[in-house]
Amino acid sequence: TWVSNRIISDFNEEITIRIIEDSILEAGPPPVSFSFISYGSAGRRELTLNSDQDNAIIFDDTTGIPVESSKKYFLDLADKICRRLDESGLHFCRGGFMANNEKWCQPLSVWKEYFTDWIVDPEPENILNISVLFDFRHVYGERKLFNELEDHVFSIIKDRTAFFYFLAQSVSRFRPPLNVFGNIVTELSPDKEEMLDIKNCLAPLIMFARIY
């Protein structure tokens, strides 16, 4: 399973890079440098054939170019990219965790604020954002922006014992799909066949690894 996930993920990444390059040709040169990132299952290279999009854009805000001007360009670029990814088979994220959502198309300074807030104030919504966005990975563009954000995350997280406590609590609340007799509880597919959501079952393992 791991091998097939990795093959699908690597294949998807090559398609994504080509789509980004074609979209830039259509939109014109970026006004500032940027990093297109993936996260969630894509960030962990765990894509399956029915995965959806999890992506974002980090752009430079230190050049003197107005942020709103840069954001307008990157939102238009992101719309082209996300639409083409959807057409290629990587469908839109129902939760809106995509670069064409203004919240996830921001300058580096805002991304630093996001992670600082999530770590310092680990309320339920912030833990949700962490569970999605902490496994972020650079896909295309200026890796320096990605590295700076990653360094910021590790510097903020240091000695934040309360953060790790709340993160661990979110894992401990997971309940395996078992009934009172210890048997696995399945769901019914549209074809009335029994099925088990493996991704949901793996979620606590992923969180354990993230905490580590």
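Each remark here, short or long, concerns the structure printed above.
A quick note: this is a predicted structure, and the numbers were derived from the prediction, not measured.

Q: Tell me about the state of the cysteines, and name the residues and values.
A: Scanning the entire structure with this criterion turns up zero disulfides. Free of any disulfide, Cys 93 has its nearest cysteine sulfur in Cys 82, 9.8 Å distant. Free cysteine: Cys 105, not disulfide-bonded; nearest cysteine sulfur from Cys 82 at 9.3 Å.

Q: Residues and numbers for the layout of surface pockets, please.
A: Approximately 350 Å³ is the volume attributed to the second largest pocket. Put simply, the parts of the chain that give the lining of the second largest pocket at least two residues each are α6 (143-157), α7 (161-172) and α8 (198-211).

Q: Before we move on, can you summarise the environment of Pro 124 with the specific residues and values?
A: Assignment of secondary structure puts Pro 124 in helix α5 (residues 124-133). Judged by its relative accessible area of 70%, Pro 124 is exposed.

Q: So what's going on with α6? Which residues, and what values?
A: An α-helix turns once per 3.6 residues; consequently, residues spaced three or four apart project the same way. Across its 15 residues, α6 extends 21 Å between first and last C-alpha, which sits within 8% of the 21 Å expected from 1.5 Å per residue. Turning to α6, its buried residues number three or more, namely Leu 145, Phe 146, Leu 149, His 152, Val 153, Ile 156 and Ile 157. End-on view of α6: buried residues confined to an arc of 125°, all on one side of the axis. In α6, the exposed residues that point more than 90 degrees away from the buried face are Lys 144, Asp 151 and Phe 154. On the buried face of α6, the contacting elements are β1 (34-38), β2 (55-59), α4 (108-120), β4 (137-141) and α7. Asp 159, located one to two residues past α6, shows a positive phi value of around 65°.

Q: How would you sum up a nonpolar patch on the surface? Please name residues and give values.
A: Together, Leu 202, Leu 205 and Phe 208 line one region of the surface with nonpolar side chains, adding up to about 310 Å² of accessible area. Within the secondary structure, Leu 202 sits in helix α8.

Q: Could you give an account of a negative patch on the surface, naming the residues involved and the relevant values?
A: Negative charge collects at one region of the surface, where Glu 113, Asp 117, Asp 121, Glu 123 and Glu 125 lie side by side. Inspection of the secondary structure assignment puts Asp 117 in helix α4. Owing to a relative accessible area of 46%, Asp 117 belongs among the partly exposed residues under this scheme.

The rules behind the values
Residues numbered from 1 in each chain as written. Predicted model: local features only at pLDDT ≥ 70, side-chain atom pairs only at ≥ 80, totals over all residues. Heavy atoms only, no water. Disulfide = S-S within 2.5 Å. 1 Å grid on protein atoms, 1.4 Å probe; cavity = no way out; pocket = protein on both sides within 12 Å on 5 of 7 lines; lining within 4 Å. Points joined across faces, edges and corners; volume = space filled by probe spheres on them. Helix = DSSP H or I, 4+ residues; strand = E, 2+ residues; numbered from the N terminus. Buried < 20%, exposed > 50% of the residue type's maximum accessible area, 1.4 Å probe, protein only. Expected span 1.5 Å × (residues − 1). Arc of directions from axis to C-beta. Contact = heavy atoms within 4.5 Å. Patch = residues over 30% accessible without salt bridge, like charges linked within 9 Å, V, L, I, M, F, W, Y side chains within 5 Å. Areas by Shrake-Rupley, 256 points an atom, 1.4 Å probe, with all protein chains shown as cover. Salt bridge = Lys/Arg side-chain N within 4 Å of Asp/Glu carboxyl O. Lys, Arg positive; Asp, Glu negative; His and termini not counted. Charge placed at Lys NZ, Arg CZ, Asp CG, Glu CD.

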